Amino acid sequence: MKKLLIVLAFASVSVASFAQEDPTLKYSVATNSFWSNWFVEAGANWNVWYSATEHGLDLDKSPFKKFRTNPGAAVALGKWFTPGMGLRLKAQGIWGKSLNNNNPGDNFGNVNKYWVLNGHAMFNLSNMICGYNENRVFNLIPFVGAGFGRTMTYDLYAMDLSAGVQALFRINKNVGIHVEAGWNRFEGDIDGGAYGAGNRGWDSHDNNMYAELGVTLNLGKATWNKVPDVDAIKAAHQAALDALNAKLRDAEAENARLKALLDQPREKEVVSESVKEFITTPVSVFFNLAKTNVANPKDLVNVRALAKYAKDNNSNILVTGYADNSTGTPAINEKLSIERAETVKGELINMGVSESKIKTAHNGGVKILGVDLPIDFDRRATVQVTE
């Protein structure tokens, strides 16, 4: 029991250490749901038995002797909690060997029907050392654990400690072939002989060593997603925010300029020159990516001023639509530029400008403002008074 507690303590410390890994490491992955990364295993194994009751019998220790070996089978259910740490519950058994001569007439190697149930902590060294790779073909997985077994032949139970290593070969995302070597060391009698607690060395306990070949099937989601690059996402959001702030500052500056013009003394020549400069400068109305509705109603403030001037002076207005050529196909950008011009035309009509006084044009995808400014500045329509 002391050894069992030591093994469980070791497994607990291992789990805690993995849970405390720095999430910024390049090997980090996103946490999956509880129902992800489950697996089942089924395999056939070849067992070699060394019994506590053979102490002093001078039996050949070779693992290839017929009186020591028997075939067996195993099934397991497990889950990976991280790419490097998992747990499984494994059952194995069917036939073992009874290496004792307590009953007259018995021969060494009588069949001993048994089963063993172990819980294992599994460590995928390939992922822990080399980093997670969902396409990796070979994974090396040591394991340790504990459990108990029963011999049905002699109706005995025994606690055991277990350890081994598994080589897992990936066939595809859901199927793998595993080769496993393991050792079960029993703390009590499981082969029907007297327990050898007073013995020393290898034959002080019943020992089962096995080699196994089997199939591993992954259930549900069997992969892990890389941790998103938070810094890159924040940088992209910040760039978009900076672009919006730049638009807002431009609009505020233009509003301030217009207010200053309105506040000037209404001397005919001064007003005339200021208005002439204003109406000959195109006013921009911006749009979001792949959209044809005005992105910010504030852009229509200057358009409304031009509309008033055009109505008061019976002037014509030219509306030109644009799209950026960095996104979309030429056909899509052509359509966007037409519809954006029509959107602004509709706003002008709502402001009281006669439709006959409005002319529209479209330039499709361009890269004009985007040379020194963000490409979304090219997603616009311009409004200009023409005499």
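Residues numbered from 1 in each chain as written. Predicted model: local features only at pLDDT ≥ 70, side-chain atom pairs only at ≥ 80, totals over all residues. Heavy atoms only, no water.

1. Thoughts on a nonpolar patch on the surface
For step 1, the next point in the chain: A cluster of nonpolar side chains, namely Val137, Phe138, Leu140, Val165, Phe169, Val179 and Leu213, defines an oily patch on the protein surface of about 550 Å² accessible area.
For step 2, the next point in the chain: Contributing elements (two or more residues each) for the nonpolar patch: strand S5 (138–151) and strand S6 (156–170).
For step 3, the next point in the chain: In this structure, Leu213 sits in strand S8 (residues 206–219).
For step 4, the next point in the chain: Since its relative accessible area comes to 53%, Leu213 is described here as exposed. (Patch = residues over 30% accessible without salt bridge, like charges linked within 9 Å, V, L, I, M, F, W, Y side chains within 5 Å. Areas by Shrake-Rupley, 256 points an atom, 1.4 Å probe, with all protein chains shown as cover. Salt bridge = Lys/Arg side-chain N within 4 Å of Asp/Glu carboxyl O. Helix = DSSP H or I, 4+ residues; strand = E, 2+ residues; numbered from the N terminus. Buried < 20%, exposed > 50% of the residue type's maximum accessible area, 1.4 Å probe, protein only.)

2. Notes on the confidence of the model for the protein
For step 1, the next point in the chain: Predicted confidence across the protein gives a mean pLDDT of 82, with 79% of residues reaching 70 or more.
For step 2, the next point in the chain: Note on residues 4–25: pLDDT is under 50 here. Beyond four places in sequence and across chains, it has 15 contacts.
For step 3, the next point in the chain: Counting interchain partners and residues more than four positions distant, the pLDDT-below-50 stretch residues 267–271 has three contacts. (pLDDT = per-residue confidence, 0-100. Contact = heavy atoms within 4.5 Å.)

3. Side note on unusual backbone geometry
With the exception of glycine, most residues fall at negative phi, and the peptide bonds are largely trans.
For step 1, the next point in the chain: Residues other than glycine seldom take positive phi values, yet Asn37 does so here, at roughly 65 degrees.
For step 2, the next point in the chain: Of note, Asn37 is situated in the loop between helix H1 (2–19) and strand S1 (38–50).
For step 3, the next point in the chain: In this structure, Ala290 takes a positive phi of about 65 degrees despite not being glycine.
For step 4, the next point in the chain: When you line up the elements, Ala290 lands in the loop between strand S9 (283–286) and helix H5 (300–313).
For step 5, the next point in the chain: On the basis of relative accessible area, Ala290 is assigned to the exposed category, the value being 52%.

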